[in-house]
Amino acid sequence: MQLKVGLFRGFCLLAAALLAACGGIEGGESTTTPTVMPVQVADGSQGGGIEEPVDGEFPSFQPGVGAEPVDDTDTALSQDFESESASSYPVAAARSGGRSPMQPRELALAPQANVVQLGALSAAELTSSQDESGKPSDEMQQRLVRTGVGRRLSPQVSALTRSEGSNWNWRTLPDGWQVGSLAVNTGDAKGVRLGLQIDALPPEALLRFYAPEATTMVELPASQVLARMQAKQQAGALQGGSTYWAPASAGSVGVVEVAVPPGVSTSAVRLSVDRVIHMVMSTEEAFDRSTEKRREGNFSGACQRDFVCGGATPQVADAALFLDFVRYDKFGFMSNYLCSGMLVGESAQTNAPYVLTADHCIGTAAGAYDTDAYLFFRSTTCGGSTVDSRYALFAAGLEYLYSETVRKGADMALLRPFDGNYHVPADGLTLAGWSAATQTGTQAVVGLHHPGGDHLMRSLGFASPARSSNFLRVLWHEGATQGGSSGSALLNAQNQVIGTLWGGFSACNLAGTAGNGLPDEYGRFSTAYSRGLRNWLHTPTRPLVMVARTGHTTGPRELVLRDLRASPLGRTAYQAARLNGTANGLSEDDTWRSPAVFQPLEYGTAKIVAVQDIDGDGRDDVVLRRPGLFGTETLSVLQERDNGGGTETGEWLLHARMDRSIKVLGLGDFDGNGIADLALYDPRQRLMQLVLLSRNGSGNYVPDLVDFLFGFTDLNGRLITTFAPVAVGDFNGTGRAQVLFRNSRMPKEAHFVHWQGDTLPNNPFLLSVGALNLAGTLVATPDIDGDGRPDFVFNNRGAIRYSLSQGTGLAFTMSAHQTALTALPSGFQLAAVTDVNGDAQAELVLRRTSNGEIRIASNPGTGIWTPQTVSLMPSP
């Protein structure tokens, strides 16, 4: 009996979404008679039972370019974390955030703002607020300090602040931008934080906040502000969910300014001010009174010492943060508070900054978004009042990741800059190291903190275990802590974080010249680390998502890792580590980065189905399936591609509205235009379909759905159901991709289906036959030997073996089986088979499921491949 490759023209049941490509279907199923193309093969089978492809037989589309899919749900935290630690290290400005939000202000170009008058707080309200903010710590209590009280504007006053009214002055600048502003006068505040209600705001706009006579301002993109508001509302903020809290400005008058680019109407701006924070103390006031505090005990007290006092200053001081945040009580009343914090890094030094502070300061997702973090709030000399020139807003809004309360843990919280928006000054900054070792004895320690809202101070003392196993007890012999010090870091002799401040009895003595000798308590870093911080700070615990070359066109690929746990909003962050030429560690330059190409993966639902260079530019592209409309899915691609000399990143649609049951068998260039095409397979009907991809003049993909399905049929046009597709690639050297079919009746026979419809439209498929001798389950089809053709990697009862493609066309053969690994190392799984180190030959990427350890085995040419552990730590 002859076999055919059957073509089913006009038959668009492959996917509901393909209706548009087929012109739509009305009524019942199509009754078009199949067109049969006869192809001579040796088998005389009459068909038989339907067989699904065995596990692993879709190797060309698995994550990691052909391998078993990585299971990132089985990573168990090892209990052996005592030896884990990280060292402090610098981060250059070029590694992150970019332009500072604190910008010089051109007074001549600013519009004259109309002022809405609120009037001063009553004497009783002001006294009460100041007493509450400056209340001393007379018991073991939390060391945050209230710096301002919330004031709600009446509906009548708030109406005067609406941008769509006549209260805003709009001015057109020489460059075509339009700028409007409004000021709110609080009477006698030390500083002002404006609470905005944003009904509409063009994402291209800029928001600016400043005091009327200030020569500097905070300038934020509207897109960042809108994203922060959306995230805050998704976080379930019960109070203030619709309020955007602007960064604080000094003095009693706060100004909000909106700038819109040419072509954007000012009518698209609809916002108002409905509440303000009336600051009763400010950072500027702290600096103004810096000298007096040494003599009179104002602010933090005369016993406090600037961090620069006493000789050499540790570099880790550059990681200290001043945290300014809004909090609501159960009745909805708002207040402004400040705490201290510390920037910490990951064990692999990926340059990703995390913020460590106390849970009693910022312990909720909604509260984190109302937090502004400032860097370099400090004097430049011991006892001086000159502000560090690098003083800057590091991040406007933080994202909550993890915390534990004082009752159930170490009173510690881990945050990170919201949506990757943060600023590193031109001179760089430092990410602090940490130690997960459990302290059992007494050791010398240093505390870096902002007592009483003052600039950075240093306290010296000794730490020992407290009664509670979650805390350390600290006695100071120089300095003390007080309100505002909460959340500050406790450092050991190696300048590693070992705790954060909960509360205490310490303070300056009555004379103000020394500490009172009473203890403070710090939450143990080791406790919080073992319970949750390790998920983010110990990089090897992260699952390996893919191996790809995204930011480069030559050389080694990158290991792309993902947070083990998503944030409460479902956001996951991705880090890419580029390997060196031997694939045993990181390259010396450009090692860790957060590629922009992965940003669309940080939110929403997506499944990675392919990692492959689709357009031949040398960069691997990432093909995704996303949920679509009416029970369908879409296929899209994430890319970094050249655009006019620069690099453009984004997500581009490949195929819309595909039925969920359809599988992406793989990608290959079937039509010879240099761009890989999609091969789709419907396991219910045992039929395939091609989507041919090209590019239009704008460089975007144009999908062309081939208007028929195909499969193997007999002379009577009946499907032979023992045939199943297993891979896509140019296996027999024709220069175009083929679909490799497997016949369960004759498993050693390979059937290669070629597409040639562009040259022979009436006979679009060509079938060639070769030997497929695989003793095991096919798991990958990489190019093992660098000849440009896919080879075969299979699992033979735990042993990893491979066979090379040889011959062409009908003369296709496979080399004798060779063993790469006699067995996978205990606890490891095969995560990817691809060229990792850039030598044009594939390596085996292995990952230990318990702790995320990665090993890579390279082909030695002959003999067994030896897996070597990859160091994710940069070279010293």
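Each chain has its residues counted from 1, running along the sequence as written. Per-residue local features of the predicted model are confined to residues with pLDDT of at least 70, and side-chain atom pairs are confined, for both listing and counting, to 80 or more; whole-chain, interface and lining totals are unaffected and use all residues. Excluded from the side-chain calculation are hydrogens and water; included are all heavy atoms of the structure.

## Concerning the sheet that holds strand 58 (residues 843-848)
Note on sheets: strands pair through backbone hydrogen bonds, and any given pair is parallel or antiparallel.
Then comes step 1: One open sheet accounts for four strands, arranged 57-58-59-60; its pairing is antiparallel. Only two strands of the sheet have a single neighbouring strand rather than two, namely strand 57 (828-834) and strand 60 (867-869). On average, each strand axis in the sheet is tilted by 30 degrees relative to the strand beside it, whichever way the strands run.
Then comes step 2: Pairing between two strands is assigned when DSSP locates at least 2 bridges connecting them. Helix and strand labels come from DSSP, where a helix needs a run of H or I of at least four residues and a strand needs a run of E of at least two; each type is numbered from the N terminus. Relative to strand 58, strand 57 runs antiparallel, the two being bridged by six bridges. All axes here are fitted lines through C-alpha atoms, helices being fitted over the stretch that makes contact, and every angle between N-to-C directions spans 0 to 180 degrees.

## Concerning the sheet that holds strand 41 (residues 646-659)
Then comes step 1: Taken in spatial order, the four strands of this open sheet run 38-39-40-41, and their pairing is antiparallel. Of all the strands in the sheet, just strand 38 (607-612) and strand 41 have a single pairing partner and so form its edges. Adjacent strand axes in the sheet meet at a mean angle of 20 degrees when their direction is disregarded.
Then comes step 2: Pairing analysis gives six bridges linking strand 39 (residues 621-627) to strand 40 (residues 632-643), with the strands arranged antiparallel. Counted as the bridge partner of Arg625 is Leu635 from strand 40.

## What about the state of the cysteines?
Disulfide: a covalent bond connecting the sulfur atoms of a pair of cysteines.
Then comes step 1: Only a pair of cysteine sulfur atoms within 2.5 Å counts as a disulfide in this structure description. Summed over all chains, the structure comprises three disulfides.
Then comes step 2: In this model, Cys309 is linked to Cys382 through a disulfide, with the two sulfur atoms separated by 1.9 Å. Across the S-S bond linking Cys309 and Cys382, the dihedral sits near 100 degrees, which makes this disulfide right-handed. Residue Cys309 is found in the loop between strand 18 (305-306) and strand 19 (320-328), and its partner Cys382 is found in the loop between strand 22 (371-375) and strand 23 (392-396); the two are separated by 73 residues along the sequence.
Then comes step 3: Paired through a disulfide, Cys339 and Cys361 show a sulfur-sulfur distance of 2.0 Å. Sign of the S-S torsion, about -80 degrees for the bond between Cys339 and Cys361, identifies this disulfide as left-handed. Of this pair, Cys339 sits in strand 20 (residues 334-344) while Cys361 is found in the loop between strand 21 (354-357) and helix 7 (365-369), placing the two residues 22 residues apart along the sequence.

## Observations concerning the nonpolar core
Then comes step 1: Buried residues of nine kinds, namely Ala, Val, Leu, Ile, Met, Phe, Trp, Tyr and Cys, make up a nonpolar core once their side-chain atoms join them within 4.5 Å. Only protein chains enter the accessibility calculation, which uses a 1.4 Å probe. A residue is then buried if its area is under 20% of the maximum for its type, exposed if over 50%, and partly exposed in between. By size, the foremost hydrophobic cluster in this structure holds 59 residues, and its most contacted members are Val344, Val497 and Leu533.
Then comes step 2: In terms of residue count, helix 8 (residues 525-537) provides more of this core than any other element does, six residues in total.
Then comes step 3: Once residues lying within four places of it in the same chain are set aside, the contact partners of Val344 are Ala352, Pro353, Tyr354, Leu356, Leu414, Leu431, Ala432, Trp434, Val497 and Leu537.
Then comes step 4: Counting residues in each nonpolar core, the second largest holds 35 residues, with Val116, Val145, Ala189 and Leu196 among its members. We call two residues in contact when some of their heavy atoms are within 4.5 Å.

## Topic: the environment of Leu182
Then comes step 1: Relative to the helices and strands, Leu182 is located in strand 10 (residues 178-185).
Then comes step 2: Given a relative accessible area of 0%, Leu182 falls into the buried group.
Then comes step 3: Sequence-wise, Leu182 and Glu257 are 75 residues apart; in three dimensions their C-alpha atoms are separated by 6.6 Å.

## Topic: the pairing of strand 52 (residues 792-796)
Then comes step 1: In terms of burial, strand 52 is largely enclosed, as four of its five residues are buried.
Then comes step 2: Examined bridge by bridge, strand 51 (residues 777-780) and strand 52 share three bridges and lie antiparallel to one another. Counterpart to Leu778 in the pairing with strand 52 is Phe794.
Then comes step 3: Direction of pairing for strand 52 relative to strand 53 (residues 799-803): antiparallel, over a ladder of five bridges. From the neighbouring strand, Val793 faces strand 53, where its bridge partner is Tyr802.
Then comes step 4: In sequence, strand 52 turns back onto strand 53 through a hairpin of two residues, with Arg797 there showing a positive phi of about 55 degrees.

## Description of unusual backbone geometry
Then comes step 1: Look at Ala583: it is not a glycine, yet its phi comes out positive at around 60 degrees.
Then comes step 2: With respect to the element layout, Ala583 can be found in the loop between strand 36 (574-578) and strand 37 (592-593).
Then comes step 3: At Arg657, a position not held by glycine, the phi torsion is positive, near 50 degrees.
Then comes step 4: Its place among the elements puts Arg657 in strand 41.

## Quick word on helix 4 (residues 222-234)
Then comes step 1: One less than the number of residues in a helix, times 1.5 Å, gives the span that helix is expected to have. If you check helix 4, its first and last C-alpha atoms are 18 Å apart, about what 13 residues at 1.5 Å a residue would give, namely 18 Å.
Then comes step 2: Turning to helix 4, its buried residues number three or more, namely Ala222, Gln224, Val225, Arg228, Met229, Ala231 and Lys232.

## Notes on the environment of Gly447
Then comes step 1: Tracing the backbone shows Gly447 in strand 28 (residues 443-449).
Then comes step 2: Considering only alpha carbons, one finds Gly447 and Leu501, 54 residues apart in sequence, at a separation of 8.9 Å.
Then comes step 3: Once you skip the residues sitting within four places of it in the chain, Gly447 turns out to touch Met457, Arg458, Ser459, Trp476 and Ala489.

## As for the pattern of salt bridges
Then comes step 1: Just to be clear on terms, a salt bridge is a Lys or Arg side-chain nitrogen sitting within 4 Å of an Asp or Glu carboxyl oxygen. One pass over the structure, following the stated rule, counts 32 salt bridges.
Then comes step 2: The salt bridge partner of Arg390 is Asp388, with a shortest N-O separation of 3.3 Å.
Then comes step 3: The exposure class of Asp388 is buried, given its relative accessible area of 9%.
Then comes step 4: The partner of Arg571 in a salt bridge is Glu399, and the shortest N-O contact between them spans 2.4 Å. With a gap of 172 residues between them, Arg571 in the loop between strand 35 (558-562) and strand 36 and Glu399 in strand 24 (residues 398-404) connect regions that are remote in the sequence.
Then comes step 5: The class of Glu399 is buried, set by a relative accessible area of 1%.

## Points about the confidence of the model for the protein
Then comes step 1: On a scale of 0 to 100, pLDDT captures the predictor's confidence in every residue. Taken as a whole, the protein shows an average pLDDT of 82; of its residues, 84% reach a score of 70 or greater.
Then comes step 2: Throughout residues 9-78 the model reports pLDDT below 50, and contacts reaching past four residues in sequence, or to other chains, amount to 189 contacts.
Then comes step 3: Contacts for the low-pLDDT stretch residues 289-298, under 50 throughout, to residues beyond four places or in other chains number 22 contacts.

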